Amino acid sequence: MISRRRMIVSSLAASLLAATRSASAHGTVTHQDTRVSPPAPDQQAWGIAGDPGKISRTVPIAMSDRMRFTPDRIEVRLGETIRFDYRNSGAVLHEMVIGTRDALAEHAELMKKFPGMEHADAWMAHVAPGERGQMVWTFNRPGTFSFACLIPGHFEAGMIGTIVVAPG
Ligand SMILES: [Cu+2]
């Protein structure tokens, strides 16, 4: 999951993305590619995929059917590489997607329009009931970001947390 560059979307969403993109065969494709000025490859406004060999610390994240993350607020120092050890203790599928609040809200809207849509990137995880896993992310941009479950209904129910990245 860490360094893979891949995209899995339904054919409908794929054709939407392809319509906004001239060369979509290679490279990282994100929903941000539909914007006028996409960021440099892999660097996102909320950081960049982390090196699993250079982890600053581990943060456990629990997901529950109460539509909450525990903890729901994480404080990070600029430059830290965090390994999120996530676990779904519920009975339904949950996700953990990191982003700006705006990017996540936009993504949640897209998922409502295309419920069959699948997506995969270094800053997101889909976690089946009882499953656990890890996400490694480097917070190399300061600011206040969010992490959320974008499954329709979950985001709206408040399944969202805050990540504050403080300079040095
Ligand atoms: Cu969820």
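The rules behind the values
Residues numbered from 1 in each chain as written. Predicted model: local features only at pLDDT ≥ 70, side-chain atom pairs only at ≥ 80, totals over all residues. Heavy atoms only, no water. Helix = DSSP H or I, 4+ residues; strand = E, 2+ residues; numbered from the N terminus. Areas by Shrake-Rupley, 256 points an atom, 1.4 Å probe, with all protein chains shown as cover. Donors = N, O, S within 2.8 Å, 3.2 Å for Na, K, Ca; no water. Tetrahedral: all angles 85-135°; square planar, octahedral: opposite > 155°, others 65-115°. Buried < 20%, exposed > 50% of the residue type's maximum accessible area, 1.4 Å probe, protein only.

S.K.: Help me out: how do you make sense of the overall build of the protein chain in this one?
M.R.: What the protein chain contains, in helices and strands, is 2 helices and 10 strands. The order of helices and strands in the protein chain, counted from the N terminus, is α-β-β-β-β-β-β-α-β-β-β-β. By element, 54% of the accessible surface of the protein chain is carried by carbon and sulfur atoms, the whole surface being about 8400 Å².

S.K.: What am I meant to see in the coordination of the copper ion here?
M.R.: Ideal values differ by geometry: the angle at a metal is 109.5 degrees with four tetrahedral donors, but 90 or 180 degrees with six octahedral donors. Taken together, His94 (ND1), Cys149 (SG), His154 (ND1) and Met159 (SD) make up the full set of protein donors to the copper ion, lying 2.0 to 2.8 Å away. Its 4 donor atoms give the copper ion angles of 86 to 140° at the centre, a pattern that matches the irregular case. Spacing between the donor residues of the copper ion along the chain follows H-x54-C-x4-H-x4-M. Here His94, found in strand 6 (residues 94–99), pairs with His154, found in the loop between strand 9 (143–148) and strand 10 (160–166); they are 60 residues apart in sequence, far enough to count as distant. Just as His94 is buried, His154 falls in that class too.

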